[in-house]
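# Commentary on secondary and tertiary structure
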Amino acid sequence: QVQLVESGGGLVQPGGSPRLSCAASGNTFSSYAMGWFRQAPGKEREFVAAISWSGISTYYVDSVKGRFTISRDNAKNTVYLQMNSLKPEDTAVYYCAAGTSGSYYKPRDYNYWGQGTQVTVSS
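Residues numbered from 1 in each chain as written. Predicted model: local features only at pLDDT ≥ 70, side-chain atom pairs only at ≥ 80, totals over all residues. Heavy atoms only, no water.

So, about the overall build of the protein chain. The number of helices and strands found in the protein chain is zero helices and 11 strands. The C-alpha atoms of the protein chain give 13 Å as radius of gyration, which agrees with the globular expectation for 123 residues (14 Å, within 12%). Projected onto its principal axes, the C-alpha coordinates of the protein chain cover approximately 40 × 25 × 25 Å. Taking all 123 residues of the protein chain together, 44% fall into the buried category. By sequence separation, contacts in the protein chain at least 24 residues apart represent 56% of the contacts at least 6 residues apart. With the model as given, the accessible surface of the protein chain reaches about 6,200 Å², and the carbon-plus-sulfur share is 46%. (Helix = DSSP H or I, 4+ residues; strand = E, 2+ residues; numbered from the N terminus. Rg over C-alpha atoms; globule rule 2.2 N^0.38 Å. Buried < 20%, exposed > 50% of the residue type's maximum accessible area, 1.4 Å probe, protein only. Contact = heavy atoms within 4.5 Å. Areas by Shrake-Rupley, 256 points an atom, 1.4 Å probe, with all protein chains shown as cover.)

Formed by 36 residues in total, the largest nonpolar core has its most connected members in L4, M34, W36, L81 and Y94. Looking at this core, the elements that each hand over two or more residues are β1 (2-7), β3 (19-26), β4 (33-39), β5 (46-51), β7 (68-73), β8 (78-83), β9 (92-99) and β11 (117-121). When near neighbours in sequence (up to four residues on either side) are disregarded, Y94 contacts E6, L20, W36, F37, R38, V48, F68, L81, M83, G116, T117 and V119. (Core = buried A, V, L, I, M, F, W, Y, C linked by side-chain atoms within 4.5 Å.)

Two strands in a sheet stick together by hydrogen bonds in their backbones, pointing the same way (parallel) or opposite ways (antiparallel). In spatial order, the strands read β1-β3-β8-β7; together these four strands make up an open sheet with antiparallel pairing. Every interior strand has two partners, whereas the edge strands, β1 and β7, have only one. Sheet twist, expressed as the average angle between the axes of neighbouring strands with direction ignored, equals 15 degrees. In this sheet, β8 lies alongside β3 in antiparallel orientation, the contact comprising five bridges. Considered in β8, the bridge of L20 is made with L81. (Pairing = 2+ DSSP bridges. Axes fitted to C-alpha atoms, helices over the stretch in contact; angles between N-to-C directions.)

As a further point, take the state of the cysteines. This model, assessed by the stated rule, comprises one disulfide. Two residues, C22 and C96, share a disulfide whose sulfurs are 1.9 Å apart. Torsion about the S-S bond of the C22 and C96 cystine: about 45 degrees, corresponding to right-handed handedness. Of this pair, C22 sits in strand β3 while C96 sits in strand β9, and the two are 74 residues apart along the sequence. (Disulfide = S-S within 2.5 Å.)

Across all of its chains, the model carries four salt bridges by this definition. What emerges from the salt-bridge pattern is a single network uniting R38, E46, R67 and D90. (Salt bridge = Lys/Arg side-chain N within 4 Å of Asp/Glu carboxyl O.)

So, about the pairing of β3. Two strands pair when backbone bridges link them, and β1 and β3 are joined in this way by six bridges, in the antiparallel orientation. The residue bridging Q3 from the neighbouring strand is S25, located in β3.

Glancing now at the side chain of D109. Along the chain, D109 falls in the loop between β9 and β10 (112-113). Buried within the structure, D109 lacks any salt-bridge partner; R108 is the closest side chain of opposite charge, at an N-O distance of 4.9 Å. Apart from the residues within four sequence positions on either side, D109 is in contact with G99, T100, S101, S103 and Y104. (Lys, Arg positive; Asp, Glu negative; His and termini not counted.)

A word on the pairing of β5. Burial runs high along β5: five of the six residues are buried. Taken together, the five bridges between β4 and β5 define a ladder with antiparallel strand orientation. Bridging across to β5, R38 finds its partner in E46. Connecting β4 to the next strand, β5, in antiparallel fashion are six residues, including G42 with a positive phi near 80 degrees. Two elements, β5 and strand β6 (residues 58-60), share three bridges in a ladder whose sense is antiparallel. Across the sheet, residue A49 finds its bridge partner in β6, namely Y60. In textbook terms, the turn of a hairpin is the stretch between consecutive antiparallel strands, and for β5 and β6 this stretch comprises six residues, one of which, G55, has a positive phi near 80 degrees.

Structure below.
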């Protein structure tokens, strides 16, 4: 059992660089791969980024490659999403998730989800 709580969202200007955090509690954090997804109004939940349990492997959707960086600090039971050069198209509710399936790209690959944090990119 894992509980996840996201933070760091809010209203951001285009080009901004917020960092989202996801704090985990419960079972051993380092045993899980961690992912970030986002969902805009009227859209399906979209994969954004993931990191393996070891932290060695990372994965990104093409639209955020070179702009977003996922990382984890197992000692702090926390995963981060550093978001740079934000665009209005990045506006969405961002969710973190934990899973053990060995796959990373679909919501069904994850067992646990946070409540989400709204990121609004607007001038």
